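Each chain, letter by letter, is given below.
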Number of protein chains: 2
Amino acid sequence: MESVFINGLGLIGSSIARIIKATRPDVIVMGNDINPQNTAFMVEHHLLDQQTSFEAGSQKADCIILATPVDIIINSLEALKYLKLKPNALVTDVGSSKRMILNAADDFINSGGTFLGGHPMAGSHLTGSANGSVNMLADHTYFLVNGNATKNQVNQFKALLGSGEFNFQLVTPDQHDQIVSAISYLPHAIAFTLMNTISPELKALNVDPSVPAGGLLDTTRIAMSDSKMWTSIMNSSGDDLIQQIELFEKNLKALKTAIKRHDNDAMKRSITMAQRARQEMEDAK
Amino acid sequence: MESVFINGLGLIGSSIARIIKATRPDVIVMGNDINPQNTAFMVEHHLLDQQTSFEAGSQKADCIILATPVDIIINSLEALKYLKLKPNALVTDVGSSKRMILNAADDFINSGGTFLGGHPMAGSHLTGSANGSVNMLADHTYFLVNGNATKNQVNQFKALLGSGEFNFQLVTPDQHDQIVSAISYLPHAIAFTLMNTISPELKALNVDPSVPAGGLLDTTRIAMSDSKMWTSIMNSSGDDLIQQIELFEKNLKALKTAIKRHDNDAMKRSITMAQRARQEMEDAK
């Protein structure tokens, strides 16, 4: 792979560009973003060799990385069917909602294209090219959900991102969407809801926003995430998320019942189970 | 105040001792803990001048700080009625559940004692003397809920903790318990429930505990908190917590309905509201 085109140079797209530049300084990185501030930043910081249109970049690249919101990824896969790509061009993406994206990729694959789904497991509540970084993504899990890429193409793509030191995990679309709805969508829905519960209470009690300490701040940090992106994710992955919310509701109800009944054993069992599971994640960091 | 007795030298009690030692190196600090490792650590690190029994320490001190779990604080207030304290001795505590503690203090006050409730707003999932620190508490809010201390006694107590640079807030027991159930009890109940929802899912999907990224880890950090302490808090503050849980359940149901109906406007409104409220706390840090 000697040239890459990245469509969408926000937090993730720009971080991927940084990783490719660090891994393979010889590769020509082309890019496009609807926000001219992002492209200007990327060119100025030598993270982008060429700013191109979607069409021109896609037709010149050995690897096309779709790094926009999910609905635009789906539109792009449709548009790519009608472009004359390089014969062995690999198209990949970084979006959540892999079932939906792989469905949309079917038509593209049937029209002769090659697709490998991808999803790096990290992010930030910040947005835009300037806030991306190698460190934000590095050392994290990178899910791969294959459409029809050959083993060789998958390996070439992994090599392109070598400096990211990713923990690549090949999963099915169903596995991906279930895992991500548990470890990402549900915590976001819960953090938004926690803020929307606590904030009116504190306002009514006239409590200064500086009063809450580290515990609450950590628990709700991801509630600062981008509302446009999360509306899009909740809309495209609603069924998975609702399933997770309903499991959560059931568990919260059980804890509430234990508290109501002053059932100390049940409370302690529940807290200890949570504590051990969380400690296991801490130890695995 | 020339001498202080701290009953309970765990995370909070030992941090208070550190703050007093930094503020007033001339004050004699006495202490007691059921765990001999805690008292040994404190003496060895010159954070404690004398290890005493509960009775001896209480009778010799100008200020008695009850820094044990809530149920022991309540027993201690009962026991203090029968001890011959110094004439102007001030008794204070660091427990949550201020309504319950101030109720228990009534009898002590009626027997001639002086009580000022207190609650520093910080903590850690770690426990024990060795994990306490000035920094853990410093610069945070310290709620004061007065029983019958004079203005002068309140000021003397604040001066004793001067190096903590606390944001002291005088509130009623009701105000305290409502604020703390919103900013501390609810987030803990939610973090425990989140772990107990996600962990079995990840086990069933065979996902390694190293896969979850920063978002989930931050959201559930407080789920590593001490199970004994949190069982005790949930038991003693159950009514307040249940009220908060029910508000949370209502808000979560509203978000779920918006997702089910693909009501993007409602989702975006809810996320934006959460995001702004959380950003306000971030800016106030």
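Each chain has its residues counted from 1, following the order in which its sequence is written. Here the convention is simple: chains get letters from A, ligands get numbers from 1, in the order in which they are written. Whole-chain, interface and lining totals are the exception, using all residues; otherwise, since this is a predicted model, local features are given only for residues with pLDDT of at least 70 and side-chain atom pairs are given and counted only at 80 or more. Only hydrogens and water are set aside when side-chain values are computed; all heavy atoms of the structure are taken into account.

Per an unreviewed UniProt entry, chain A carries the name Prephenate dehydrogenase and comes from Nicoliella spurrieriana. UniProt positions are given in the numbering used here, feature names are shortened, and annotations may be inferred rather than shown by experiment. Here is the UniProt Pathway (unreviewed entry) comment for chain A, exactly as written: "Amino-acid biosynthesis." Per UniProt, the comment on chain A under Sequence similarities (unreviewed entry) is "Belongs to the prephenate/arogenate dehydrogenase family."

J.: Looking at this structure, how should I read the pairing of strand 6 (residues 115–120) of chain A?
T.: The side chains of a regular strand alternate between both faces of the sheet. Residue and element names in this part refer to chain A. For every residue, the accessible area (1.4 Å probe, protein chains only) is compared with the maximum for its type, and the residue is labelled buried under 20%, exposed over 50%, or partly exposed between those bounds. Going along the chain from the N terminus, every DSSP run of H or I of four or more residues is numbered as a helix, and every run of E of two or more is numbered as a strand. Of all the 6 residues making up strand 6, 6 are buried; the element is thus mostly covered by neighbouring parts of the structure. Burial of the side chains of strand 6 extends over both faces: F115, G117 and H119 are buried on one face and L116, G118 and P120 on the other. Once you follow strand 5 (residues 90–93) into helix 5 (residues 98–110) and on to strand 6, the crossover reads as right-handed. Pairing of strand 6 with strand 7 (residues 141–146), which is carried by 5 bridges, proceeds in the antiparallel orientation. Considered in strand 7, the bridge of L116 is made with N146. Clockwise travel from the first strand over the helix to the second, with the strands pointing away from the viewer, marks a crossover as right-handed. Two strands pair if DSSP finds at least two bridges between them.

J.: Got a minute to help me understand the domain arrangement of chain A in this structure?
T.: Where interface size is quoted, it is often the accessible area lost as the parts come together. All names here are of chain A. Segmentation of the chain into domains, including their bounds, is taken from an automatic or database domain assignment. Looking at chain A, the domain boundaries give domain 1 (3–171) and domain 2 (176–284). Taking only C-alpha atoms into account, the centre of domain 1 sits 31 Å from that of domain 2. In this analysis, two residues are considered to be in contact whenever any of their non-hydrogen atoms come within 4.5 Å of each other. On the domain 2 side, the residues contacting the 14 residues of domain 1 number 15 residues. What gets called buried area is simply the loss in accessible area from a 1.4 Å probe that two parts show on being joined, summed for both. A buried area of about 1,200 Å², summed over both sides, lies between domain 1 and domain 2, and 59% of it is on carbon and sulfur atoms. The largest share of the area that domain 1 buries against domain 2 comes from S97, R99 and H125, three residues that together contribute 41% of it. Any carboxyl oxygen of Asp or Glu within 4 Å of a side-chain nitrogen of Lys or Arg constitutes a salt bridge here. Taken together, the connections running from domain 1 to domain 2 amount to 2 salt bridges. Residue D177 is joined to R99 by a salt bridge in which the shortest nitrogen-to-oxygen separation is 3.7 Å. Any pair of N or O atoms that falls within 3.5 Å is considered a polar contact. Within protein, one atom must be able to donate a hydrogen and the other to accept it, and sequence-neighbouring residues count only if both atoms are side-chain atoms. Along the contact surface separating domain 1 from domain 2 lie 8 residue pairs in polar contact (both at pLDDT 80 or more).

J.: Can you walk me through the side chain of B:S15 in this structure?
T.: All names here are of chain B. Along the chain, S15 turns up in helix 1 (residues 11–23). Residue class for S15 comes out buried when judged on its relative accessible area of 0%. At 2.6 Å, the side chain of S15 forms a polar contact with the backbone oxygen of L11. Within the structure, S15 has its side chain in polar contact with the backbone nitrogen of S133 (distance 3.0 Å). Ignoring anything within four residues of it in the chain, the contact list for S15 reads G10, G132, S133, M136 and L137.

J.: What's the story with the UniProt feature "coiled-coil region" (unreviewed entry) in chain A in this structure? I'm lost.
T.: Annotation from UniProt places "coiled-coil region" (unreviewed entry) at residues 245–284 of chain A. The span residues 245–284 of chain A is 92% helix and 0% strand, and its two end C-alpha atoms sit 26 Å from each other.

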